[in-house]
Amino acid sequence: MEVLTRGAAEVIPVEDLEAKVRKSIKTGKQLTVKLGIDPTGSDLTLGHTVVLQKLRQFQNMGHKVQLLIGDFTGMIGDPTDRTEARKQLTREEVLANAATFKEQAFKVLDADPAKIEVMYNSDWLSAMNFADVLELASKMTVARMLERDDFKKRYEGNLPISLHEFMYPLMQGYDSVAMKCDVEIGGTDQKFNVLMGRTLQKEDGQEPQVVITMPLLVGLDGVKKMGKSAGNYIGVTEEPNDQYGKTMSIPDHLIATYFELVTDVTVEELGEIKKGLEAQTLHPRDAKMLLGRTIVTKYHGEAAALEAENYFKTVFQNREIPEDIPEYEVEPGEKWVVALLTELKLAPSNGEARRLIQQGGLKINSEKVEDPQFQLVPADGMIIQAGKRKFAKLKLK
């Protein structure tokens, strides 16, 4: 129970979880633990892995995970935390995103078929006829739907709510009925939706699932939820140097939270880390270095983690230029520095390159350049540094 409730915001109800676990131990029958995801995007951040980590803990205890791909609900879009309806995706877009999601999710989850089953909710939702839909809709009132914060705010603010958005929590709840799951995991923002599963399972005569909600991971800025749009994220597929360097930038007060929610450290190890930070016998810098090694090891291996740490020490602690800078061939002649940064893939676009320069993030041979209109004359061996972690060495063709 200590492992399964670790880091959880709520367990609803905790006594039911304990009863289910006791019964599982006594009978030897696995619990089925559901996580539903709508693949409306493809790349995962550490924020996405918080619920995946919880699933992995259940797997490690011998239980079976049901990873539900919302290929049907994903075409509608979850209205949670939205001030307007989501853009509806095509099935092809959803399935393409799902393939990438599964590949990245299996970096956290055990892919053993005995411990995981990947399911698609189109298998039962697309088979429903209109009478089935009306029967499902009859199980919930409009008043109950308007208890949801996002719907309530939109209603009170005279913002439109489409009827199909009311169907979303019902469909997510019906997934639990179809899957007959024992436990469902979700973020705190999904509480209304996952509780709907308990309601509909009771209506269907099933033993209601236990709901475990997990906190939303705060990003590198220490304020907002981690997300790509906020630019405060660590990506699951990012390069080791970037993962390690970004980890070193998190605020000190988030160190223990990151260890708890996104790593595999044991309960005992977590307790020692928290104790050391609170007693100030563990320096935050050392704790972050351990966190960086732990995260990079998880996604890239131990050797890559040690290399990333050495790189960080060289570039940031000793303020040296690294020795193994990638070399790029460029044509001779004057070049617009913004276009060059994009060409070297040191910035994803000209707009991002301009912002980087205006914010003081560009150095050429260790000299800062702050003019986005600067015309550069490349030379052999010239070192371009973009931001804190990206370097390129030029070689004339």
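Scoring rules and cut-offs
- Residues numbered from 1 in each chain as written.
- Predicted model: local features only at pLDDT ≥ 70, side-chain atom pairs only at ≥ 80, totals over all residues.
- Heavy atoms only, no water.
- Helix = DSSP H or I, 4+ residues; strand = E, 2+ residues; numbered from the N terminus.
- Buried < 20%, exposed > 50% of the residue type's maximum accessible area, 1.4 Å probe, protein only.
- Areas by Shrake-Rupley, 256 points an atom, 1.4 Å probe, with all protein chains shown as cover.
- Core = buried A, V, L, I, M, F, W, Y, C linked by side-chain atoms within 4.5 Å.
- Contact = heavy atoms within 4.5 Å.
- Pairing = 2+ DSSP bridges.
- Salt bridge = Lys/Arg side-chain N within 4 Å of Asp/Glu carboxyl O.
- Axes fitted to C-alpha atoms, helices over the stretch in contact; angles between N-to-C directions.
- Expected span 1.5 Å × (residues − 1).
- Arc of directions from axis to C-beta.
- Parallel < 35°, antiparallel > 145°, perpendicular 65-115°, else oblique.
- Left-handed = near helix turned anticlockwise from the far one by under 90°.
- Nonpolar A, V, L, I, M, F, W, Y, C, P; charged D, E, K, R; others polar.

**Student:** Just to check I follow, could you spell out the overall build of the protein chain for this structure?
**Tutor:** Across its full length, the protein chain holds 16 helices and 13 strands. Projected onto its principal axes, the C-alpha coordinates of the protein chain cover approximately 75 × 50 × 40 Å. The proportion of buried residues among the 397 residues of the protein chain is 47%. When the accessible surface of the protein chain is summed, it comes to about 19700 Å², and 49% of that surface belongs to carbon and sulfur atoms.

**Student:** Please explain the nonpolar core as it appears in this structure.
**Tutor:** Nonpolar side chains tend toward joint burial in soluble globular proteins. The biggest cluster of nonpolar side chains holds 49 residues, and the ones touching the most others in it are Ile-185, Ile-212 and Tyr-258. By residue number, the principal contributor to this core is helix H2 (residues 46–60), which donates six residues. Look past the residues within four positions of Ile-185 in its chain and what remains in contact with it is Val-33, Lys-34, Leu-35, Val-51, Lys-54, Leu-55, Phe-58, Ile-212 and Met-214. By size, the runner-up hydrophobic cluster in this structure holds 20 residues, among which are Leu-356, Ile-364, Ile-384 and Leu-394.

**Student:** Can you walk me through the pairing of strand E13 (residues 390–396) in this structure?
**Tutor:** Residues in a regular strand point their side chains to alternate faces of the sheet. Of the strand pairs in this sheet, strand E7 (residues 327–330) and E13 are connected by four bridges, and their pairing is parallel. What sits directly across from Tyr-328, in E13, is Leu-394. Of the pairings in the sheet, the one linking strand E12 (residues 383–386) to E13 comprises four bridges and is antiparallel in character. Each residue of the ladder has a partner; that of Ala-386, found in E13, is Lys-390.

**Student:** Help me understand the sheet that holds E12 in this model?
**Tutor:** Neighbouring strands of a sheet are bound in pairs by backbone hydrogen bonds; such pairs are parallel or else antiparallel. Here we have five strands laid out as an open sheet, ordered E7-E13-E12-E9-E10, and mixed in their pairing. Only two strands of the sheet have a single partner each, and these edge strands are E7 and strand E10 (367–368).

**Student:** Any chance you could explain unusual backbone geometry here in plain terms?
**Tutor:** Residues other than glycine predominantly adopt negative phi, and peptide bonds predominantly adopt the trans conformation. Looking along the chain, the bond that leaves Ile-12 and enters Pro-13 is cis, with omega of -15°. Among the secondary structure elements, Pro-13 is positioned in the loop between strand E1 (10–12) and helix H1 (14–27). Within the chain, Lys-180 stands out as a residue other than glycine whose phi angle is a positive 50°. Mapping Lys-180 onto the fold places it in the loop between helix H8 (163–179) and strand E5 (183–187). A positive phi angle, close to 60°, is found at Lys-345, a residue other than glycine. Here Lys-345 shows up in the loop between helix H15 (337–343) and helix H16 (350–358). Lys-345 sits in the exposed class, given a relative accessible area of 69%.

**Student:** Help me understand the pattern of salt bridges, please; the structure alone is not making it clear to me.
**Tutor:** Side chains carrying opposite charge are able to pair once their charged atoms draw close together. Following the criterion strictly, the structure yields 19 salt bridges and no others. A salt bridge links Lys-34 to Glu-184, with the nearest nitrogen and oxygen atoms 3.3 Å apart. Of the two residues, Lys-34 is situated in strand E2 (residues 32–37) and Glu-184 in strand E5; the sequence distance between them amounts to 150 residues. Between Arg-285 and Asp-286 there is a salt bridge; the shortest N-O distance is 3.3 Å. Note on Arg-285: relative accessible area 39%, which makes it partly exposed. Residue Asp-286 is classed as partly exposed on the basis of its relative accessible area, which comes to 34%. Salt bridges sharing common partners tie together Lys-20, Asp-182 and Glu-207.

**Student:** Whenever I open this one, the sheet that holds E1 confuses me. Can you help?
**Tutor:** In space, the six strands of this open sheet follow the order E1-E6-E5-E2-E3-E4, with mixed pairing throughout. Looking at strand neighbours, the two that pair on one side only are E1 and strand E4 (116–120), the edges of this open sheet. Each strand axis lies, on average, 20° off the axis of its neighbour in the sheet, ignoring direction. As defined by bridge partners, strand E3 (residues 64–69) adjoins E4 across five bridges and the pair is classed as parallel. By the bridge assignment for E4, Leu-68 is matched with Met-119.

**Student:** Sorry if this is basic, but what is going on with helix H9 (residues 191–203) here?
**Tutor:** The α-helix winds at 3.6 residues per turn, so residues separated by three or four positions along the chain end up facing the same way. Here H9 is 13 residues long and its end C-alpha atoms lie 19 Å apart, about the 18 Å a rise of 1.5 Å per residue gives. Every buried residue of H9 is listed here: Phe-192, Asn-193, Val-194, Met-196, Gly-197, Arg-198, Leu-200 and Gln-201.

**Student:** Can you help me understand the environment of Leu-282 in this one?
**Tutor:** Of note, Leu-282 is situated in the loop between helix H12 (267–279) and helix H13 (284–300). Owing to a relative accessible area of 23%, Leu-282 belongs among the partly exposed residues under this scheme. Distance from Leu-282 to Glu-272, taken between C-alpha atoms, is 9.4 Å for residues 10 residues apart in sequence. In this view, Leu-282 contacts Ile-273, Gly-276, Leu-277 and Ala-287; residues no more than four positions away in its chain are not counted.

**Student:** Explain H16 to me, please; I cannot follow it from the model alone.
**Tutor:** Restricting attention to buried positions, one finds in H16 the residues Ala-353, Leu-356 and Ile-357. Seen from one end, H16 has its buried residues packed into an arc of 95°, which puts them on one side. Within two residues after H16, Gly-360 carries a phi angle of roughly 80°, on the positive side.

**Student:** Where do I start with the packing of helix H11 (residues 255–262) against H13 in this structure?
**Tutor:** For the pair H11 and H13, interaxial distance at closest approach is 10 Å and the crossing angle is 20°. It follows that H11 is roughly parallel to H13 by the angle criterion. Considering only the axes of H11 and H13, their crossing is left-handed. Packed against H11, whose contacting residues are Ile-255, Tyr-258, Phe-259 and Val-262, the element H13 presents Pro-284, Ala-287, Lys-288, Leu-290, Leu-291, Thr-294, Ile-295 and Lys-298 at the interface. The residue inventory of the contact of H11 with H13, partitioned by class, reads nine nonpolar, one polar and two charged.

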